[in-house]
Number of protein chains: 2
Amino acid sequence: MEATEVSVKRPREEEEEGKEESVVNGISAVIPGWFSEISPLWPGEAHSLKVKEILFQEKSEYQNVIVFESTTYGKVLVLDGVIQLTERDECAYQEMITHLPLCSIPNPKKVLVIGGGDGGVLREVSRHASVEQIDICEIDGMVVDVAKRFFPKVAVGYEDPRVNLNIGDGVAFLKNVPEGTYDAIIVDSSDPIGPAQELFEKPFFESVAKALRPGGVVCTQAESIWLHMHIIEEIVSVCRQIFKGSVNYAWTTVPTYPRQVSNQSICYAINDGLRLYFLNSSYSIEERPLKFYNTEIHSASFCLPSFAKRAIQME
Amino acid sequence: MEATEVSVKRPREEEEEGKEESVVNGISAVIPGWFSEISPLWPGEAHSLKVKEILFQEKSEYQNVIVFESTTYGKVLVLDGVIQLTERDECAYQEMITHLPLCSIPNPKKVLVIGGGDGGVLREVSRHASVEQIDICEIDGMVVDVAKRFFPKVAVGYEDPRVNLNIGDGVAFLKNVPEGTYDAIIVDSSDPIGPAQELFEKPFFESVAKALRPGGVVCTQAESIWLHMHIIEEIVSVCRQIFKGSVNYAWTTVPTYPRQVSNQSICYAINDGLRLYFLNSSYSIEERPLKFYNTEIHSASFCLPSFAKRAIQME
């Protein structure tokens, strides 16, 4: 039972390192005909989707934007080499990051989305009949244009007349928001490398707290429960310092977020007083049945594996 | 905003197909220096881990067996090109497939494991003080040997004096089991392609039902909630025909089971009478804290996304 010679070619370590750098215009060219995600955020692993056709590829002011038709996940949106959504599984992310906060407070009226340029979160927010105003601040106009052109079932969110689109920096936008404006803020950012970095830092959450009304809720994507526990601990810790109400952490799974090893975690804070009841879905949405979210999934998403409970000292 | 020429080389479709076949002794040689999983069970996608060193590679009577040291997931066991476990995340699978059934019945005494040659499920079963006898039937002796040699923290399960190891076919083994022998049967199989195929079929579950005592419980891995809903529907349907008690379906996430798009689903049936209470963890294990499993995760794992609830008509 000795280890036998392995039949694949293994280049020397230096060459392998070079291989990881061979990202051309956002496409990691490691498997010809496939798109591969390789990033310092998930070292030593890659997820690949087979490419049927590249539909769009341009460099915006902020990042590389690619859309391709995959063989089994429908159309795929890629920013700076990282999958942002696929037609097949986008429901899991959009529904959870939206309905977790909106179903935990009564009658949300004013909602702000930071990031979320694809429009999927808008689509989900618009299912809530109580909502009167939906502001969105996306930094990259090309993401909005590309979503409207290639992902009409996602970008349909823009068709709601309650939506006000702002193209600009979310951090700057928040600073100009009058205190106590919003019932809910949803931070639908990309990873904390690149244009979204500030959205993971303390000054940003201070602006969020100021922009929320007392009892308002914020929900932000918080990377992978398996890979990025240190990022999650940091966000939870910052939120506990800033938000006067309850701070909780939920997780869900998105198959094509391997950068988050298929787990999307969500940090979730309430601005004043309200403590526990938002662990349950207390308020329902009145629209047609969803693909992923339901009241049981709402509660279940706050049940954490033991290692995560210990790390963020959840009771 | 027209799609520009993409800068990666894209071979013609026929060549791409050939590429998928370039699996050499179980290692998909698509990225030099990396291990890539490509399979008809998850077409159009691949998950890759960076290889530090190949430690073992042999063909057993049943399958290709590979162990490699990865750069970020510790040692990895691969059977027929499919990752079976990594040191980093094996806890999620082993704990869930074991404690879900064993914590839902009072004082399990006799437990049978079908498959599970790595010993991880044995390790988890042995935490239950009530258990008096742990039988295991693994078809491939090489898997047992390799686990003992390379994965001592997993194979530690074999050191429990209550364990009786049988190398042989699980289907044949079950046929010789006296009726009503076991309190719990755990089917820790590989995918339904290759040596494990029969473990997904009706005659097998009939043998399981016979071997279980009234009120006994079976738990089996049931592939991916995202990719294999048809397999899950079939297993649930078969179990509903055979088992007189409750049939339920739980899911969990295992980052390096991308073949299951990081979701490991578990079908779970009870042999007689008992209906609902096994959705909760009614009986606890007395050992040291676990890495993944806890009573809240137990209940949460039965909360399904809406699309899955509809597909298997769960109330």
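As recorded by an unreviewed UniProt entry, chain A carries the name spermidine synthase and is attributed to Acorus gramineus. Taken directly from UniProt, the Pathway (unreviewed entry) text for chain A runs: "Amine and polyamine biosynthesis; spermidine biosynthesis; spermidine from putrescine: step 1/1." You can read under Catalytic activity (unreviewed entry) in the UniProt record for chain A the words "S-adenosyl 3-(methylsulfanyl)propylamine + putrescine = S-methyl-5'-thioadenosine + spermidine + H(+)".

**Description of the overall build of chain A**
Broken down by element type, chain A carries 10 helices and 14 strands. Across the 315 residues that make up chain A, the buried fraction comes to 64%.

**Some words on helix 7 (residues 202-211) of chain A**
Every buried residue belonging to helix 7 of chain A is among Phe 204, Phe 205, Ser 207, Val 208, Ala 209 and Ala 211 of chain A, and all of these are buried. Looking at the buried residues of helix 7 of chain A, the elements they touch are strand 8 (110-115), helix 6 (170-175), strand 11 (182-188), strand 12 (212-221) and helix 8 (229-242) of chain A.

**As for the UniProt feature "active site" (unreviewed entry) in chain A**
All names here are of chain A. On the UniProt side, "active site" (unreviewed entry) is annotated at positions that read Asp 188 here. Its relative accessible area of 8% is what places Asp 188 among the buried residues. Dropping the residues within four chain positions of it, Asp 188 is found in contact with Tyr 93, Gln 94, Ile 97, Ile 114, Gly 115, Gly 116, Asp 118 and Val 121.

**Observations concerning the pairing of strand 7 (residues 82-86) of chain B**
All names here are of chain B. With 5 of 5 residues buried, strand 7 lies mostly within the body of the structure. Where strand 6 (residues 75-79) lies against strand 7, 4 bridges are found, and the strand directions are antiparallel. Bridge pairing in strand 7 links Leu 79 to Val 82. Where strand 6 folds back onto strand 7 in an antiparallel hairpin, the turn is made up of 2 residues, including Asp 80, whose phi is positive at roughly 45°.

**As for the packing of aromatic side chains**
Residue and element names in this part refer to chain A. Evaluated as defined, the whole model comprises 8 aromatic pairs over all chains. Taking 5.4 Å as the distance between ring centres and 40° as the angle between the ring planes, the aromatic pair formed by Phe 35 and Phe 68 counts as tilted. Of the two residues, Phe 35 sits in strand 3 (residues 34-37) while Phe 68 sits in strand 5 (residues 64-70), which places them 33 residues apart along the sequence. A residue is classified by how much of its surface remains accessible, and Phe 35, at 0% relative accessible area, is buried.

**Looking at the environment of Ala 250 of chain B**
All names here are of chain B. Summarising the element assignment, Ala 250 is placed in strand 13 (residues 247-253). The class for Ala 250 is buried, based on a relative accessible area of 0%. The spatial distance from the C-alpha of Ala 250 to the C-alpha of Val 154 is 23 Å, given a sequence separation of 96 residues.

**Quick notes on the pattern of salt bridges**
One pass over the structure, following the stated rule, counts 14 salt bridges over all chains. Asp 160 of chain A is the salt-bridge partner of Arg 162 of chain A, the closest N and O atoms lying 2.7 Å from each other. You can call Asp 160 of chain A buried: its relative accessible area is 14%. Here Arg 123 of chain B makes a salt bridge to Glu 124 of chain B, at a shortest N to O gap of 2.9 Å. A relative accessible area of 0% places Glu 124 of chain B in the buried class. Each of Glu 90, Arg 123, Glu 124 and Arg 127 of chain A takes part in salt bridges that share partners, so that together they form one network.

**A few points about the side chain of Ser 189 of chain B**
Mapped onto the fold, Ser 189 of chain B is located in the loop between strand 11 (182-188) and helix 7 (202-211). The buried category is assigned to Ser 189 of chain B, whose relative accessible area is 6%.

**What about the side chain of Asp 89 of chain A?**
All names here are of chain A. Mapped onto the elements, Asp 89 comes out in the loop between strand 7 (82-86) and helix 2 (90-102). Buried charge Asp 89 goes without a salt bridge, the closest partner of opposite sign being Arg 88 at 7.1 Å. Here Thr 86 takes part through its side chain, which lies 2.9 Å from a polar atom of the side chain of Asp 89.

**Quick look at the packing of helix 7 of chain B against helix 8 (residues 229-242) of chain B**
Residue and element names in this part refer to chain B. For the pair helix 7 and helix 8, interaxial distance at closest approach is 10 Å and the crossing angle is 40°. Between helix 7 and helix 8, the angle falls in the class oblique. The two elements helix 7 and helix 8 cross, and the hand of that crossing is right-handed. Here Lys 202, Phe 205, Glu 206 and Ala 209 of helix 7 lie close against helix 8, whose contacting residues are Ile 235, Val 238, Cys 239, Gln 241 and Ile 242. Its residues assigned to classes, the contact of helix 7 with helix 8 shows 6 nonpolar, 1 polar and 2 charged.

**A short note on the pairing of strand 3 of chain A**
All names here are of chain A. A two-sided burial pattern is seen for strand 3, the buried positions comprising Trp 34 and Ser 36 on one face and Phe 35 and Glu 37 on the other. Two elements, strand 3 and strand 4 (residues 45-59), share 4 bridges in a ladder whose sense is antiparallel. Note that in strand 4 the partner of Glu 37 across the bridge is His 47.

**Focus: the confidence of the model for chain A**
Residues and elements named next belong to chain A. Mean pLDDT for chain A: 79, with 77% of residues reaching 70 or above. Considering only residues more than four positions removed or in separate chains, one finds that residues 1-30, a stretch of pLDDT under 50, has 69 contacts. Throughout residues 273-277 the model reports pLDDT below 50, and contacts reaching past four residues in sequence, or to other chains, amount to 13 contacts. Predicted complex metrics record ipTM = 0.74 and pTM = 0.80.

**Concerning the environment of Ser 126 of chain A**
All names here are of chain A. With respect to the secondary-structure elements, Ser 126 resides in the loop between helix 3 (120-125) and strand 9 (133-138). Put simply, Ser 126 and Val 111 are 15 residues apart on the chain and 9.9 Å apart in space, counted from C-alpha to C-alpha. Excluding residues within four positions of it along the chain, Ser 126 makes contact with Ile 134, Asp 160 and Arg 162.

**Looking at the environment of Tyr 158 of chain A**
Residue and element names in this part refer to chain A. Tracing the backbone through its elements, the reader meets Tyr 158 in the loop between helix 5 (152-155) and strand 10 (163-167). For Tyr 158 and Gly 216, which are 58 residues apart along the polypeptide, the C-alpha to C-alpha distance reads 24 Å. In this view, Tyr 158 contacts Gly 116, Gly 117, Asp 118, Gly 119, Leu 122, Ile 136, Val 144, Lys 148, Val 163 and Leu 165; residues no more than four positions away in its chain are not counted. Within the structure, Tyr 158 has its side chain in polar contact with the backbone oxygen of Gly 117 (distance 2.6 Å).

**Focus on the state of the cysteines**
In the structure shown here, the tally under the stated rule is 0 disulfides over all chains. Unpaired in terms of disulfides, Cys 137 of chain A finds its nearest cysteine sulfur in Cys 219 of chain A, a separation of 18 Å. The exposure class of Cys 137 of chain A is buried, given its relative accessible area of 2%. The thiol of Cys 303 of chain B is unpaired, and the distance to the nearest cysteine sulfur, on Cys 303 of chain A, comes to 7.3 Å. With relative accessibility at 18%, the residue Cys 303 of chain B sits in the buried group.

Procedures and definitions
- Residues numbered from 1 in each chain as written.
- Chains lettered and ligands numbered in written order.
- Predicted model: local features only at pLDDT ≥ 70, side-chain atom pairs only at ≥ 80, totals over all residues.
- Heavy atoms only, no water.
- UniProt positions renumbered as here; feature names shortened; annotations may be inferred.
- Helix = DSSP H or I, 4+ residues; strand = E, 2+ residues; numbered from the N terminus.
- Buried < 20%, exposed > 50% of the residue type's maximum accessible area, 1.4 Å probe, protein only.
- Contact = heavy atoms within 4.5 Å.
- Pairing = 2+ DSSP bridges.
- Phe/Tyr/Trp six-rings, centres within 6.5 Å; stacked < 30°, edge-to-face > 60°.
- Salt bridge = Lys/Arg side-chain N within 4 Å of Asp/Glu carboxyl O.
- Lys, Arg positive; Asp, Glu negative; His and termini not counted.
- Polar contact = N/O pair within 3.5 Å; in protein donor to acceptor, adjacent residues only side chain to side chain.
- Axes fitted to C-alpha atoms, helices over the stretch in contact; angles between N-to-C directions.
- Parallel < 35°, antiparallel > 145°, perpendicular 65-115°, else oblique.
- Left-handed = near helix turned anticlockwise from the far one by under 90°.
- Nonpolar A, V, L, I, M, F, W, Y, C, P; charged D, E, K, R; others polar.
- pLDDT = per-residue confidence, 0-100.
- Disulfide = S-S within 2.5 Å.

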